[in-house]
Amino acid sequence: MLSYKKLFTFVALILLSKVSFGQGEIAILPVYNPSHLQLKISSGGRSLSGANFITSADKNLEIEAFSDTEDQLVIKDVQVDLVRGGRKVASKKMSNKADLTDLIAVAKKDDVFRFEVEEVFIKNEEGKLELYSIGKVSFIYEYQHPTKLALN
């Protein structure tokens, strides 16, 4: 009869083999992480990177990623959430050329637009996209109604 120690070891090896072979593909994460990235946000040729708010005039945003290298970086998807009082009111997944027209239509004064970029790709010599960075890079803007700006 097997001792408890041998039985436990045998069961542990079976479970470990099931876990290691049952995963299928193994994700190899890129070397670079989001801390190396910088994002440039612009609307109509005007940089919004240092701004705290956007208005209805900023309905077409362009989001570009760059790093300290000379490589061409590409953002495919941006998740945009409209948040009011800490609750998500609306959400939309867009490309790096974000059209916020429908979100701005429901936005109210002091709502927050939260942008999240999860993956950034690099364009290689052949023109194909390879994963450059995985992880979230987030930024937020408060929505200001243009009449409030005119009164200040």
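As shown above, the structure is provided for reference.
Here goes a summary of the coordinates provided. It should be emphasised that the depicted structure is a prediction, and the values quoted were computed from it without experimental measurement.

The next thing to look at is a negative patch on the surface. Residues Asp71, Glu125, Glu126 and Glu130 make up a contiguous surface patch of negative charge. Note that Glu130 resides in strand β10 (residues 129-143). On the basis of relative accessibility, which here comes to 41%, the residue Glu130 falls in the partly exposed class.

With that out of the way, let us pick up the pattern of salt bridges. Summed over all chains, the structure comprises 6 salt bridges. A salt bridge links Asp81 to Arg114, with the nearest nitrogen and oxygen atoms 2.9 Å apart. Residue Asp81 is found in strand β6 (residues 78-84), and its partner Arg114 is found in strand β9 (residues 112-123); the two are separated by 33 residues along the sequence. By relative accessible area, which is 4% here, Asp81 ends up buried. Exposure remark for Arg114: the relative accessible area of 29% places this residue in the partly exposed category. Note that Asp102 and Lys92 form a salt bridge whose closest N and O atoms lie 3.2 Å from each other. Taken as a pair, Asp102 in helix α2 (residues 101-106) and Lys92 in strand β7 (residues 87-94) lie far apart in primary sequence, 10 residues in all.

On to the pairing of β6, then. Counting buried positions along β6 yields 6 of 7 residues, so the element is predominantly enclosed. In this sheet, β7 lies alongside β6 in antiparallel orientation, the contact comprising 7 bridges. Within the sheet, the bridge partner assigned to Val83 lies in β7 and is Lys88. Between the end of β6 and the start of β7, which pair antiparallel, lie 2 residues, with Gly85 showing a positive phi angle near 60°. Pairing of β6 with β9 involves 5 bridges; the strand directions are antiparallel. The residue of β9 that forms the bridge with Asp81 is Arg114.

Another point: the packing of aromatic side chains. All chains considered together, the criterion is met by 4 aromatic pairs. Pairing Phe113 with Tyr143 gives two aromatic rings, centres 6.1 Å apart and planes at 70°, and the pair type is edge-to-face. A residue pair is termed long-range when its members are at least 10 positions apart, and Phe113 in strand β9 and Tyr143 in strand β10 qualify at 30 residues. Overall, Phe113 belongs to the buried group, its relative accessible area being 0%. Judged by centre distance (6.1 Å) and plane angle (80°), the ring pair of Phe115 and Tyr141 falls under edge-to-face. One end of the pair, Phe115, is in strand β9; the other, Tyr141, is in strand β10, and 26 residues separate them in sequence. Given a relative accessible area of 0%, Phe115 falls into the buried group. What links up through ring pairs into an aromatic cluster is the set Phe115, Phe139 and Tyr141. One cation-aromatic arrangement involves Lys76 over Phe121; the distance from NZ or CZ to the ring centre is 4.8 Å.

Criteria and cut-off values
Along each chain, numbering runs from 1 in the same order as the chain's sequence is written. Predicted model: local features are reported for residues with pLDDT of at least 70 only, side-chain atom pairs are reported and counted for 80 or more only, and whole-chain, interface and lining totals are derived from all residues. Side-chain descriptors were evaluated using all non-hydrogen atoms of the structure, hydrogens and water having been removed beforehand. Nonpolar side chains (Val, Leu, Ile, Met, Phe, Trp, Tyr) are joined into patches within 5 Å and like charges within 9 Å, using only residues with over 30% relative accessible area and no salt bridge. Throughout, the Shrake-Rupley method with a 1.4 Å probe supplies accessible areas, and for residues the shown protein chains are the sole cover considered. In what follows, salt bridge is the name for a side-chain nitrogen of Lys or Arg lying within 4 Å of a carboxyl oxygen of Asp or Glu. Neither His nor the chain termini are counted; the positive set is Lys and Arg, and the negative set is Asp and Glu. A single reference atom marks each charge: NZ on Lys, CZ on Arg, CG on Asp, CD on Glu. Under the DSSP-based scheme used, a helix requires at least four consecutive residues in state H or I and a strand at least two consecutive residues in state E, with every element numbered from the N terminus. We call a residue buried when its accessible area falls under 20% of the maximum for its residue type, exposed when it is over 50%, and partly exposed in between, using a 1.4 Å probe and counting protein chains only. A strand pair is defined by DSSP finding two or more bridges across the two strands. Whether two aromatic rings pair depends on their centres lying within 6.5 Å, for rings of Phe, Tyr and Trp, where Trp uses its six-membered ring; planes under 30 degrees apart make the pair stacked, over 60 edge-to-face, and the rest tilted. Put simply, a charge is over a ring when the Lys NZ or the Arg CZ is close to the ring centre, within 6 Å, and near the line of the ring normal, within 35 degrees.

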